[in-house]
Amino acid sequence: MDIFLDSMVYLKSVPVREIDFCRMLGSDSVTVQLPRVTLRELEQLKVSHPSSWTRDRAAQVLACFDSLITLGDQVHPGVDLHFISSTPHVEMARYGLNPEWNDDWLIATVLEWKKSHSAANTMLMTDGIDARLTCRHLQ
């Protein structure tokens with residue numbers, strides 16, 4: 001199973017290394033897909049968010065990503081992290097997505113991933129109502 005997590009999930013939940021996604025999702029293996037837009041959003045929060053807690057948490061999450069990707073470690077047994085280095089090439093306007101919104105870049109990345117990995121079970125996890133409703137609309 002491939003999962004994409006909204007950047008707010010990384011900030012608001014326990015550290016990603018502590019989440020047993022396999023058990024939570026009832027899957028033998030899970031790959032957390034990490035698109036560039038998530039890194040960009042976390043970098044912006046690390047630098048410019050008015051809350052020092054949010055800036056520090058974003059810095060911690062980014063350091064964890066750097067360590068996991070550099071060392072090639074698993075997030076958790078059965079849970080891997082995969083960095084998606086390219087930006088999506090889907091025509092965002094076709095799906096009613098706004099290229100000025102980070103959530104829409106994330107959704108475009110998920111759409112492109114699903115198109116090129118049609119056999120994979122893919123999920124976006126977010127607490128954002130706009131992203132959830134947009135995903136439901138786009139199926």
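Residues numbered from 1 in each chain as written. Predicted model: local features only at pLDDT ≥ 70, side-chain atom pairs only at ≥ 80, totals over all residues. Heavy atoms only, no water.

S.K.: What should I look at first to understand the packing of helix H3 (residues 36-48) against helix H4 (residues 52-71) in this one?
M.R.: Each packed pair of helices is defined by two parameters, the angle between the axes and the distance between the axes. Contact pair H3 / H4: the axes reach a minimum separation of 7 Å and the direction vectors enclose 140°. Taken together, the axes of H3 and H4 are oblique relative to one another. The interaxial crossing formed by H3 with H4 has left-handed handedness. Taking contact as the criterion, the partners of Leu39, Leu42, Glu43, Leu45, Lys46 and Val47 in H3 are, on H4, Thr54, Arg55, Ala58, Ala59, Val61, Leu62 and Phe65. Tallied by class, residues from the contact of H3 with H4 come to 9 nonpolar, 1 polar and 3 charged. (Axes fitted to C-alpha atoms, helices over the stretch in contact; angles between N-to-C directions. Helix = DSSP H or I, 4+ residues; strand = E, 2+ residues; numbered from the N terminus. Parallel < 35°, antiparallel > 145°, perpendicular 65-115°, else oblique. Left-handed = near helix turned anticlockwise from the far one by under 90°. Contact = heavy atoms within 4.5 Å. Nonpolar A, V, L, I, M, F, W, Y, C, P; charged D, E, K, R; others polar.)

S.K.: For this particular structure, what's the right way to read the state of the cysteines?
M.R.: Each disulfide is one covalent bond, formed between the sulfur atoms of two cysteines. This structure, assessed with the given rule, holds 0 disulfides. Here Cys22 stays free of any disulfide, with the sulfur of Cys64 as its closest cysteine sulfur at 16 Å. For Cys22, a relative accessible area of 9% puts it in the buried group. (Disulfide = S-S within 2.5 Å. Buried < 20%, exposed > 50% of the residue type's maximum accessible area, 1.4 Å probe, protein only.)

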